[in-house]
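# An overview of the molecular structure
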Amino acid sequence: MATNWILDPSHSKVEFKVKHMMISNVSGQFKKFDAQVETEGEDFMTAKVSFTADIDSIDTGSEQRDGHLKSADFFDAGNFPQLKFVATKYENVDNDGDYEVYGDLTIRGITQQVKLDVEFGGVIKDPWGATRAGFTVTGKINRKSFGLTWSGVTETGSLVVSDDVRLHVDLEFVKA
């Protein structure tokens, strides 16, 4: 029996972190995102997962930097308004709530298979009778693999922005 799960955006977040000048980190988030999840019963190992984030919702705390990230130098939001992830395979890592999820990530029209680590928080009934499930997803991608190739070098030869981007995503769903 198919079960649909609705994303609870007020208890979810999509964040990223990238090295800046190779001495510190710059963090950001996507403020508008959605996920479609369908499982057989409450078995998330059977889940069909599709996730999108709106590029125009990127927020790093600097309007100038956000504008640069939305430009053709990076995400090219005018031509590629969303990034998308579709899960293709799950592996149980330790029988204690840790999993690996494999899937197709599309950014700037370029699709690459990625592996992400998932911590399954569990399924509970909330005080209002709704069934909820929670997940923390982490991983690292190489931005250049997705056509985000803008680069600068400091006068000492350090990269302005690292190639690696770390992801941290917290998602909470309500059973439909």
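Keep in mind the model is a prediction, meaning the values are calculated, not measured. (Residues numbered from 1 in each chain as written. Predicted model: local features only at pLDDT ≥ 70, side-chain atom pairs only at ≥ 80, totals over all residues. Heavy atoms only, no water.)

## Observations regarding the overall build of the protein chain
As a reminder, the rule being used: By definition, any uninterrupted DSSP run of H or I lasting at least four residues is a helix, any uninterrupted run of E lasting at least two residues is a strand, and each is numbered from the N terminus. In this treatment the radius of gyration is a C-alpha quantity, and the globule benchmark scales as 2.2 Å times the residue count to the 0.38 power. Type-normalised accessible area, obtained with a 1.4 Å probe on protein chains alone, sets the label of each residue: buried when under 20%, exposed when over 50%, and partly exposed for intermediate values. Contacts are assigned to residue pairs with any non-hydrogen atoms lying within 4.5 Å of each other. For the area figures, the Shrake-Rupley method with a 1.4 Å probe applies, and any residue is considered shielded solely by the protein chains shown. Note that His is not counted, nor are the chain ends; the positive residues are Lys and Arg, and the negative ones are Asp and Glu. All charge positions are set by atom: Lys at NZ, Arg at CZ, Asp at CG, Glu at CD.
A tally of regular secondary structure across the protein chain gives 1 helix and 11 strands. N-terminal to C-terminal, the α/β element order of the protein chain is β-β-β-β-β-β-α-β-β-β-β-β. Taken against the 2.2 N^0.38 rule, which gives 16 Å for 176 residues, the C-alpha radius of gyration of the protein chain at 17 Å falls within 12% of a compact globule. Structurally, the protein chain occupies a C-alpha span of about 60 × 30 × 30 Å along its principal axes. Within the span of the protein chain, comprising 176 residues, buried residues form 39% of the whole. The long-range fraction of contacts in the protein chain, counting pairs at least 24 apart against all pairs at least 6 apart in sequence, stands at 55%. Of the accessible surface of the protein chain, which amounts to about 9800 Å², a share of 50% is contributed by carbon and sulfur atoms. One way to put it: in the protein chain the 19 positive side-chain charges average out to a point 4 Å from where the 28 negative ones average out.

## Notes on the packing of aromatic side chains
To keep it simple, the criterion reads: Each aromatic pair joins two rings of Phe, Tyr and Trp (for Trp, the six-membered one) with centres within 6.5 Å, and gets the label stacked for planes under 30 degrees apart, edge-to-face for over 60, and tilted for any other angle.
Summed over the entire model, instances satisfying the criterion amount to 9 aromatic pairs. The interplanar angle of 70° and the centroid separation of 5.0 Å between the aromatic rings of Phe 44 and Phe 135 together place this pair among those described as edge-to-face. Of this pair, Phe 44 sits in strand S5 (residues 43-54) while Phe 135 sits in strand S10 (residues 131-142), and the two are 91 residues apart along the sequence. By relative accessible area, which is 15% here, Phe 135 ends up buried. When the centroid spacing of 5.5 Å and the interplanar angle of 50° are considered together, the rings of Phe 74 and Trp 150 count as tilted. Residue Phe 74 is located in the loop between helix H1 (63-70) and strand S7 (82-92), and its partner Trp 150 is located in the loop between S10 and strand S11 (161-175); the two are separated by 76 residues in the primary sequence. Take Trp 150: its relative accessible area is 29%, and that puts it in the partly exposed class.

Geometric descriptors of this kind do not, in isolation, establish any biological role.
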